[in-house]
Amino acid sequence: MKLIDQVVQTFRVVKLFRDNTDRINNIDYSPSGDLLLSSSDDDQIVIYDCEKGTSKRTLNSKKYGVDHIHFTHGKTSAIYASTKIDDTIRYLSLHDNKFIRYFPGHTKRVASLDMSPINDSFISGSADKTLRLWDLRSPNCQGTMYTGGRPVAAFDPEGLIFAAGINSETIKLYDLRSFDKAPFSTFEMNQEKDCDWTGLKFSPDGRSILISTNGSMIRLVDAFSGSPLRTFTGHMNNKGIPLEASFSPDSQFVFSGSTDGHVHVWNAEKGYKVATLNGDHTGPVQCIQFNPKYMMLASACSHMSFWLPALDQ
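The name given to the protein in an unreviewed UniProt entry is WD repeat-containing protein 82, with Hyalella azteca as the source organism. The protein has a UniProt comment under Sequence similarities (unreviewed entry) that states "Belongs to the WD repeat SWD2 family." If you open the UniProt record of the protein and go to Subcellular location (unreviewed entry), you find "Nucleus".

Novice: What is the right way to read the overall build of the protein from this model?
Specialist: Regarding its fold elements, the protein presents 1 helix and 28 strands. Here the C-alpha atoms of the protein give a radius of gyration of 18 Å, agreeing with the 20 Å that 2.2 N^0.38 yields for 313 residues. Considering only C-alpha atoms, the protein reaches an extent of 55 × 45 × 35 Å along its principal axes. Scored against the burial criterion, the 313 residues of the protein give a buried share of 59%. Excluding contacts between residues fewer than 6 apart, the proportion of contacts in the protein whose partners are at least 24 apart in sequence is 44%. Summed over all atoms, the accessible surface of the protein reaches about 13,300 Å², with 46% contributed by carbon and sulfur. Separation of charge centres in the protein, based on 33 positive and 35 negative side chains, amounts to 3 Å.

Novice: Please explain the sheet that holds strand S6 (residues 67-71) as it appears in this structure.
Specialist: Strand pairing in a sheet relies on backbone hydrogen bonds. The paired strands run either parallel or antiparallel. Taken in spatial order, the 4 strands of this open sheet run S6-S7-S8-S9, and their pairing is antiparallel. The strands lining the two open edges of the sheet, one partner per strand, are S6 and strand S9 (98-103). Taken over all neighbouring pairs, the strand axes of this sheet differ in orientation by 20° on average, direction set aside. Bridge count for strand S7 (residues 77-81) against strand S8 (residues 89-93) is 5 bridges, and the pairing is antiparallel. Across the sheet, residue Tyr-80 finds its bridge partner in S8, namely Arg-90.

So, how was this worked out
- Residues numbered from 1 in each chain as written.
- Predicted model: local features only at pLDDT ≥ 70, side-chain atom pairs only at ≥ 80, totals over all residues.
- Heavy atoms only, no water.
- UniProt positions renumbered as here; feature names shortened; annotations may be inferred.
- Helix = DSSP H or I, 4+ residues; strand = E, 2+ residues; numbered from the N terminus.
- Rg over C-alpha atoms; globule rule 2.2 N^0.38 Å.
- Buried < 20%, exposed > 50% of the residue type's maximum accessible area, 1.4 Å probe, protein only.
- Contact = heavy atoms within 4.5 Å.
- Areas by Shrake-Rupley, 256 points an atom, 1.4 Å probe, with all protein chains shown as cover.
- Lys, Arg positive; Asp, Glu negative; His and termini not counted.
- Charge placed at Lys NZ, Arg CZ, Asp CG, Glu CD.
- Pairing = 2+ DSSP bridges.
- Axes fitted to C-alpha atoms, helices over the stretch in contact; angles between N-to-C directions.

Here you go:
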């Protein structure tokens, strides 16, 4: 089945999970697409089986809290940010629920965390106005960048560069091999007046960068020139909260949640609204991602919804 407008418009919720008692703050698929990981403000980590459509296992992080959870390269370990006690990043074995390593350094809450798609590097951004580059094999920070503003960051799909969004007005591109040097590209944008940038994502084809905000707009810019390509609007965000926006694996569609519980879909290239989907979410849909391998969408408020297209279309 090919992902086209008419197929996207038939997506409906086929499985609803109520494992959490508070907001789900982050979700992440395993690279193979068969598992989904979530972190929640109730300090729970839930592992879902996407092939069986089941909740597989629940782990607790009551002492440290949990946010920005990501699989590492396999399905057996994850990194996440603490929300209690300190701002250390933690590396957890999902197999036996034991910590492998801690990554101390940030002095305020981590607001951005991304794992390299090709190696053991990961990058974090914090309210302490620093970006830090790490390696899973060492607790020591590999490099620190003082940004002068709250940063968000993401790797490109090939894992060769990363983008840093700073102060909701500047995107800087860095070569991973010379992280300590100046950025090789800097894109100055008009500073957002009514919202802040809360996330960056490269499109899977590497050609554009999607900027999530805590307002009712999403920006799309050219990854090579920084030129504004699209602004996606029409979804509600009247609570000033970070709403995740993400791409379909073919880079053709952009998905976002909204505070009224709906899921909105746009055509990435042309900018038009493809669909507004109702999944009966009871609260703001803060997390949304399309499966990297399967024709499946996941969205989350305080509960998790799995979406599939209607097969009779």
